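The residues making up each chain are set out below.
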Amino acid sequence: MKQEHNEEDQFYYPSKEIVRHANVKEYEALYRKSIEDREGFWAEEAKKLSWYKKWDKVLDDSEKPFYKWFTGGKINIVHNAIDRHLKSATRNKIAIIWEGEPGDHRTFSYFALNREVSKFANVLKSMGAKKGEVITIYMPQIPEIVIAMLACARIGAVHSVVYGGFSVESLAERIHDSQSRILITADGGYRRGKATHLKEIADEAMKRSATVEVCITVKRTGEACYMENDRDFWYHDLMAIPLECRDCTTEVMDAEDPLFILYTSGTTGKPKGLVHTHGGYSVYTAATMKYVFDIKPEDRWWCAADPGWVTGHSYLVYGPLINGATIMMYEGAPNHPFPNRWWQMIEKYGINILYTSPTAIRGLMRFGPSWAHRHDLSSLRLLGSVGEPINPEAWKWYHEVIGRGKCPIMDTWWQTETGGFMISPLPVMPLKPGSCAKPFFGNEIGIVDDHGNDTKQGDEGNLVIKNPWPGMARTILHDPKRYVEKYWEKYQDKGWYLAGDSARIDEDGYYWIIGRIDDVIKVSGYRLGSAEIESALVSHPAVAEAAAIGLPDDLRGNVIHTTVILREGFAASEKLAEELKNHVEHEIGPIARPAHLLFTDALPKTRSGKIMRRVIKARAQGLDAGDITTLEE
Ligand code: PRX
C-alpha cells in the first residue's frame, strides 16, 4: 500500500491488485444509491440467497421499533450455509480447517459438515428438540460447536451459545433466562497447555438452574466427568447412529423466525438475550462479509474470535459458510507454546484473510516482529480488526509486520445488537490508522448531542443509527420493553437507534470510535457490565456494596477496577482481596477478574442512591470528577 505522509491524517492507499480483486470498486456512488433506495438495495442482496418462498415485503415498519424484514419469505440459514453448496462443486471443498492447541487437526468438507450436522440434528430431535425451543451450547473452540449451532438451526431450534470462558453464574443465568431444556457441552478444551473443566462448571450451573433435562457432552480432553443417569449423554455415543437415520431435512422457517439468542452485558445486572432471525441476519452477514472482506469462494478465512461471541456467530460460522469459503478455526491461545503460533498456522494453511481484535494484536506485538518474520505470510491479502478501538501504533504494526505493508486493514465497528458490520472500510478505500472509515451500505450513522443535533465536525457525540437494517436484533428475549428503553427511547421522536458508544467524524467523513458511554466495560474486546461484576461481588458473604469501573490499559484496552464496602465483622486484607477476585472469576469467568480491588467505607452516590461510577473513575485516574452537584456525600 502506498502511503501519504501527513502526520495528522495519514492515508494508506490500496494497491492495484487489491482494487482489481475487489467485489466493490467504488464506495460513494453505491453508498448513495443504497441510501436512496434502501429496500431496493437489500432486496438485491436477498435475491443472492436461496429462499423456499420469496418475501412479500422487504421492510415492515408498521410496529416501530420492532422492524421486520423480508416478511412472508421462507428461508433457513442452514439451507444457505450448507444445503445449496451440496449441489455445486463446493460440496467437496473444505468448509472447516480446525487445529487444536495440542497440534491435532481435523478438516471437514461441506459434504462432511452436512453429514455431521444432519446426524446431530437427528440426535437433537431424538431428545425431543422442537422448532422454536432454545438450546444452550457451552463449548470450547472445537468443530462440534459449529456442528451444534448448525444442527439447531437446521431443525428450527434457537441456539443460545454461552462463551466457554464464562463460568457458573453466567451460564446458570443464561440457561435460566432462556429456559433451556437441552444443554450441549464438552468435558473441556485446551488453553495454554492446560485442560479446562467445562463439564464441572456445567454441572454446577445445572444445579443452580434446574431447567436442563438433557445434557450432551463432547469428549475433548478425556478427563473424568460426572455423568448423571438419564440426564447426561456422551456426544459420540449418540452420534453412532445407524446409516439410514443420517439425513435430516432442513426445516422451512419464516424469515422472521428466531435463529439464535445471544446474551450480552448491558447497564443493569442481568445480561440481555438479543434475538436474531433467519432471514434478515442471513442477508446481512452474507452481504457484509462479501463486500468488506472481499470474500471469494477460494478464500481461506480466519476469524480468530470464539464462536461464543457475536463475531464468531456472524463471521466465523454463518457469513463465511453462506459465501462458501473455507473457515480456519483454532482452539487455543495465540502465544502457545510460542508467540509464533498464529503466524505458523497462517503459513501452514495458506490463510488469505485474518480477522482479530486489537487486544490480540497488541498482545502479540509485545513479543516483537521476529516471531512473525520467521514465517511466510505472503498468502495474506486482507486483515481485519474488531471489538474495541485500535490504537494507531498497533494498526501500523499489524499493517507492516503481519500485512507486510500490503494488506488493507478492515476496522469493523458493530455490536451484538447489530448482527454485522455497521461502519467499516472497504478494501478499495484509503485507510486511516485507528478509524473505522465509513458507514456500510444502507446505513446512515450520525454523531449527535443529547438533543439529537449533529455535533460540530470533529466533536465527540453519541453514535446513532438512523435507519433499520436487516441484521438488527429484533428484541430482547422476554423483555421487549427493555429493548425499547435501552436502544430507542432516547431519540424516540426521530426513530434512531442509540448504540451506547461515543464517536466523532473527521473532515474526510471518517468515523473514529472513542468508547462506551454507558456502564459497559470492554476488557480485551470482551463486553462486561459494571453491574454484573458488582452483583458477583455482593454475592460473597463479606461484601456489602461494590462498584466496578473500567480503567484504560495499554494491552487490554480496559481493566476492571473495583471498590468494595465490607459487611460488619469482616476486615480488609490482601488475602480477602484475592479471595474476592477469585470469587468474581468463579462466578463470571476469568475475563471478569478485577485487576484492582480497593476497600472503602463509602461510595460516591447520587441522592437517589445510584453509584456515581464516573466519579470513581476520575478519582482512580487522578482526574477532576467534573460536575458532582448531585453527589450525596
Ligand atoms: O464499543 C464498541 C466496541 O464493541 C462494542 C460492541 O461489543 P459487542 O456487542 O461485544 O460486539 C463486539 C464485536 C462486534 C461497541 O459498542 N467495538 C466493536 N467494534 C469496534 C468497537 N470499538 C471500536 N472500534 C471497533 N472496530
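Residues numbered from 1 in each chain as written. Predicted model: local features only at pLDDT ≥ 70, side-chain atom pairs only at ≥ 80, totals over all residues. Heavy atoms only, no water.

K.L.:
How would you explain the sheet that holds strand 6 (residues 94-99) if you had to name every residue and give the values?
P.N.:
One open sheet accounts for seven strands, arranged 7-6-19-18-20-21-22; its pairing is mixed. The two strands at the open ends of the sheet, each matched to only one other strand, are strand 7 (105-109) and strand 22 (409-412). Strand-to-strand twist across the sheet, computed as the mean angle between neighbouring axes with direction ignored, equals 15°. Pairing of strand 18 (residues 300-303) with strand 19 (residues 326-330), which is carried by three bridges, proceeds in the parallel orientation. Of the residues in strand 19, the one forming a bridge with Arg 300 is Thr 326. Sheet strands in contact with helix 6 (residues 143-154) are strand 6, strand 7 and strand 19, and its direction is about 30° off that of strand 7. (Pairing = 2+ DSSP bridges. Helix = DSSP H or I, 4+ residues; strand = E, 2+ residues; numbered from the N terminus. Axes fitted to C-alpha atoms, helices over the stretch in contact; angles between N-to-C directions. Contact = heavy atoms within 4.5 Å.)

K.L.:
Lay out helix 8 (residues 198-208) with the relevant residues and their values.
P.N.:
Each full turn of the α-helix corresponds to 3.6 residues, which orients residues three or four apart in the same direction. Leu 198, Lys 199, Ala 202, Asp 203, Ala 205 and Met 206 are the residues of helix 8 that are buried. With its buried residues spanning 165° around the axis, helix 8 presents them on a single face. Summarising the geometry of helix 8, the exposed residues directed more than 90 degrees from the buried face are Glu 200 and Lys 207. (Buried < 20%, exposed > 50% of the residue type's maximum accessible area, 1.4 Å probe, protein only. Arc of directions from axis to C-beta.)

K.L.:
Describe in detail the environment of Ile 35, supporting the description with residues and values.
P.N.:
Locating Ile 35 in the fold gives a position in helix 2 (residues 28-36). Taking C-alpha positions, Ile 35 is 26 Å from Gly 515, a pair spaced 480 residues apart along the chain. In this structure, Ile 35 is in contact with Gly 442, Asn 443 and Glu 444, ignoring residues within four places of it in sequence.

K.L.:
Go over the side chain of Arg 381 with me, naming the residues and quoting the values.
P.N.:
Take Arg 381: it is sitting in the loop between helix 14 (370-373) and strand 21 (382-386). When its relative accessible area of 15% is taken as the criterion, Arg 381 is described as buried. Within the structure, Arg 381 has its side chain in polar contact with the backbone oxygen of Asp 294 (distance 3.2 Å). Beyond its immediate stretch of four places on either side in the chain, Arg 381 contacts Ile 18, His 21, Phe 293, Asp 294, Asp 299, Asn 352, Ile 353, Lys 406, Cys 407 and Pro 408. (Polar contact = N/O pair within 3.5 Å; in protein donor to acceptor, adjacent residues only side chain to side chain.)

K.L.:
Before we move on, can you summarise the environment of Asp 449 with the specific residues and values?
P.N.:
In this structure, Asp 449 sits in the loop between strand 25 (445-448) and strand 26 (461-465). Apart from the residues lying within four places of it in its own chain, the contact partners of Asp 449 are Thr 455, Asn 462 and Tyr 491. A polar contact is formed between the side chain of Asp 449 and the backbone nitrogen of His 451, at a distance of 2.8 Å.

K.L.:
So what's going on with the nonpolar core? Which residues, and what values?
P.N.:
Within the largest apolar cluster, 159 residues are counted, with the highest numbers of intra-cluster contacts made by Phe 120, Leu 124 and Trp 343. With nine residues, helix 6 is the largest single contributor of residues to this core. Once residues lying within four places of it in the same chain are set aside, the contact partners of Leu 124 are Ala 129, Ile 135, Ala 151, Cys 152, Ile 155, Ile 182, Ile 184 and Ile 216. Ranked by size, the runner-up nonpolar core spans 36 residues in total, among them Ala 202, Ile 521, Leu 528 and Ile 560. (Core = buried A, V, L, I, M, F, W, Y, C linked by side-chain atoms within 4.5 Å.)

K.L.:
Describe the packing of aromatic side chains, and please don't skip the residues or the numbers.
P.N.:
Enumeration according to the criterion identifies 45 aromatic pairs in this entry. Here the aromatic rings of Phe 41 and Phe 441 are separated by 5.6 Å at their centres, their planes lie at 50°, and the arrangement is tilted. A residue pair is termed long-range when its members are at least 10 positions apart, and Phe 41 in helix 3 (residues 38-47) and Phe 441 in the loop between strand 24 (438-439) and strand 25 qualify at 400 residues. In terms of burial, Phe 41 and Phe 441 fall into one category: buried. One aromatic cluster is present, built from ring pairs that chain together Tyr 27, Tyr 31, Phe 41, Trp 42, Tyr 284, Tyr 291, Phe 440 and Phe 441. In this structure, Arg 174 is placed above the aromatic ring of Phe 166, and the distance from its NZ or CZ to the ring centre is 4.6 Å. (Phe/Tyr/Trp six-rings, centres within 6.5 Å; stacked < 30°, edge-to-face > 60°. Lys NZ or Arg CZ within 6 Å of the ring centre and 35° of its normal.)

K.L.:
Just give me the short version of the sheet that holds strand 28 (residues 497-505), but keep the residues and values in it.
P.N.:
The strand order 25-26-28-29 describes an open sheet built from four strands, whose pairing is antiparallel. Edge positions in the sheet fall to strand 25 and strand 29 (511-516), since each has one partner strand and no second. Sheet twist, expressed as the average angle between the axes of neighbouring strands with direction ignored, equals 45°. Looking at chain direction, strand 26 and strand 28 are connected through four bridges and run antiparallel. Counterpart to Val 464 in the pairing with strand 28 is Leu 498.

K.L.:
Let's hear about the site of the ligand: which residues, and what values?
P.N.:
Near the ligand you find 17 residues, and of these Asp 411, Thr 412, Thr 416, Arg 516 and Arg 527 are the closest. At 2.7 Å from a nitrogen atom of the ligand is found a side-chain nitrogen or oxygen belonging to Asp 411. At a separation of 2.8 Å, an oxygen atom of the ligand approaches a polar side-chain atom of Asp 501. Considered on its own, the ligand offers 540 Å² of accessible surface; in the complex 97% of this is hidden by protein. At the level of secondary structure, the elements contributing two or more residues to the shell around the ligand comprise helix 11 (310-322), strand 22 and strand 29. Grouping the constituent residues of the shell around the ligand by class yields six nonpolar, five polar and six charged. (Near = heavy atom within 4 Å. Areas by Shrake-Rupley, 256 points an atom, 1.4 Å probe, with all protein chains shown as cover. Nonpolar A, V, L, I, M, F, W, Y, C, P; charged D, E, K, R; others polar.)

Bear in mind that shape data such as this cannot, by itself, settle questions of function.
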